[in-house]
Amino acid sequence: MDLLRHLRHFVVVARELHFGRAAETLGMAQPPLSQSIQRLERELGVTLFDRSQRQVGLTTAGQLLLGEADELLAGERRLRHLAERVRRGALGCCVPAYPRRPRP
């Protein structure tokens, strides 16, 4: 399971509280988005959303997970940014150099 992808989907649905709008925001169809959320719920063993015919709401587990998911995804963004800086050569190691003393 691609946990980060499923968490990204979860965060968008949690913000929109609407699967159709979330799917549009993510640029995907609604059925695969619903399946992604169901996979995440199965993987975690909790129900994240209260679903009814008319509305979607976060369960207590969903509310608690949202903050953690935000932090995890922010960490992923920081890690990717750091890796990109290393790849570009913007970061590296610094080796101290000492001048040689002249020989008598």
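Up top is the structure these notes are about.
What you see as residue numbers is a count from 1 along each chain, following the sequence as written. Where local features are concerned, this predicted model is filtered to residues with pLDDT of at least 70; where side-chain atom pairs are given and counted, the filter is 80 or more; whole-chain, interface and lining totals use all residues. As a rule here, side-chain values cover all heavy atoms of the structure and leave hydrogens and water aside.

I keep staring at the overall build of the protein and nothing clicks. Help me out?
When you go through the protein residue by residue, the secondary structure sums to 4 helices and 2 strands. Here a helix means four or more residues in a row that DSSP labels H or I, a strand means two or more in a row labelled E, and each is numbered from the N terminus. The helix and strand sequence of the protein, counted from the amino end, reads α-α-α-β-β-α. The globule rule puts the C-alpha radius of gyration for 104 residues at 13 Å, and the 22 Å found for the protein is more than 25% above it. In terms of overall dimensions, the protein has a C-alpha envelope of 90 × 25 × 20 Å along the principal axes. Categorising residues by exposure relies on relative accessible area from a 1.4 Å probe, with only protein chains included: less than 20% of the type maximum marks a residue as buried, more than 50% marks it as exposed, and the intermediate range marks it as partly exposed. Evaluated residue by residue, the protein yields a buried proportion of 28% over its 104 residues. By definition, residues are in contact when any of their heavy atoms lie within 4.5 Å. For the protein, long-range pairs separated by at least 24 residues make up 48% of all intrachain contacts whose partners lie at least 6 apart in sequence. The reference for a compact globule is 2.2 Å times residues^0.38; the radius of gyration itself is calculated from the C-alpha atoms.

Please explain the packing of aromatic side chains as it appears in this structure.
Geometrically, a pair of aromatic rings is defined through the distance of the ring centres and the angle of the planes. For Phe, Tyr and Trp, where Trp contributes only its six-membered ring, two rings pair if their centres lie within 6.5 Å, and the inter-plane angle classes them as stacked under 30 degrees, edge-to-face over 60, or tilted in between. Under the defined criterion, the tally for this structure stands at 2 aromatic pairs. Ring geometry for Phe10 against Phe49: centres 5.6 Å apart, planes inclined by 55 degrees, an arrangement best described as tilted. Of the two residues, Phe10 is situated in helix α1 (residues 3-16) and Phe49 in strand β1 (residues 49-51); the sequence distance between them amounts to 39 residues. Classification of Phe49 by relative accessible area gives buried; the value is 2%.

How do you make sense of unusual backbone geometry when you look at a structure like this?
As a rule of thumb, non-glycine residues mostly have phi less than zero, and peptide bonds are mostly trans rather than cis. One non-glycine residue, Leu17, lies in the positive phi region at around 55 degrees. With respect to the helices and strands, the residue Leu17 is situated in the loop between α1 and α2 (19-26). Residue classification places Leu17 among the partly exposed residues on the basis of a relative accessible area of 35%.

Would you mind showing me how to read the pattern of salt bridges here?
Note on pairing: side chains with opposite charge can pair once their charged atoms come close. By definition, a salt bridge exists where a carboxyl oxygen of Asp or Glu is found within 4 Å of a side-chain nitrogen of Lys or Arg. The full count for this structure, using the stated rule, is 7 salt bridges. Measuring nitrogen to oxygen at the nearest pair gives 3.4 Å for the salt bridge that ties Asp2 to Arg5. The exposure class assigned to Arg5 is partly exposed, which follows from its relative accessible area of 36%. As a salt-bridge pair, Glu76 and Arg8 come within 2.9 Å of each other at their nearest N and O atoms. Remark: Arg8 occurs in helix α1 and Glu76 occurs in helix α4 (residues 60-88); sequence separation between them is 68 residues. The exposure class assigned to Arg8 is partly exposed, which follows from its relative accessible area of 33%. Residues joined in a network through salt bridges with shared partners are Arg8, Glu76 and Arg80.

Hey, could you run me through the packing of α1 against α4 in this one?
A pair of packed helices can be characterised by two numbers: the angle between their axes and the separation between those axes. For helices, the fitted axis covers only the stretch in contact; all axes are lines through C-alpha atoms, and the angles between them, taken along N-to-C directions, range from 0 to 180 degrees. Close contact between α1 and α4 brings their axes to 10 Å; oriented N to C, the two are set at 125 degrees. In terms of orientation, α1 and α4 fall into the oblique class. For the pair α1 and α4, the sense of crossing is left-handed. Here Leu4, Leu7, Arg8, Phe10, Val11, Ala14 and Arg15 of α1 come into contact with α4, specifically with Gly62, Leu65, Leu66, Ala69, Asp70, Leu72, Leu73 and Glu76. Side-chain classes are defined by residue name, with Ala, Val, Leu, Ile, Met, Phe, Trp, Tyr, Cys and Pro counting as nonpolar, Asp, Glu, Lys and Arg as charged, and the others, Gly among them, as polar. In terms of residue class, the contact of α1 with α4 is made up of 10 nonpolar, 1 polar and 4 charged. With respect to orientation, any angle under 35 degrees is reported as roughly parallel, any angle over 145 as roughly antiparallel, any angle of 65 to 115 as roughly perpendicular, and every other angle as oblique. Each crossing gets its hand from how the near helix is turned against the far one by less than a right angle, where anticlockwise is left-handed and clockwise is right-handed.

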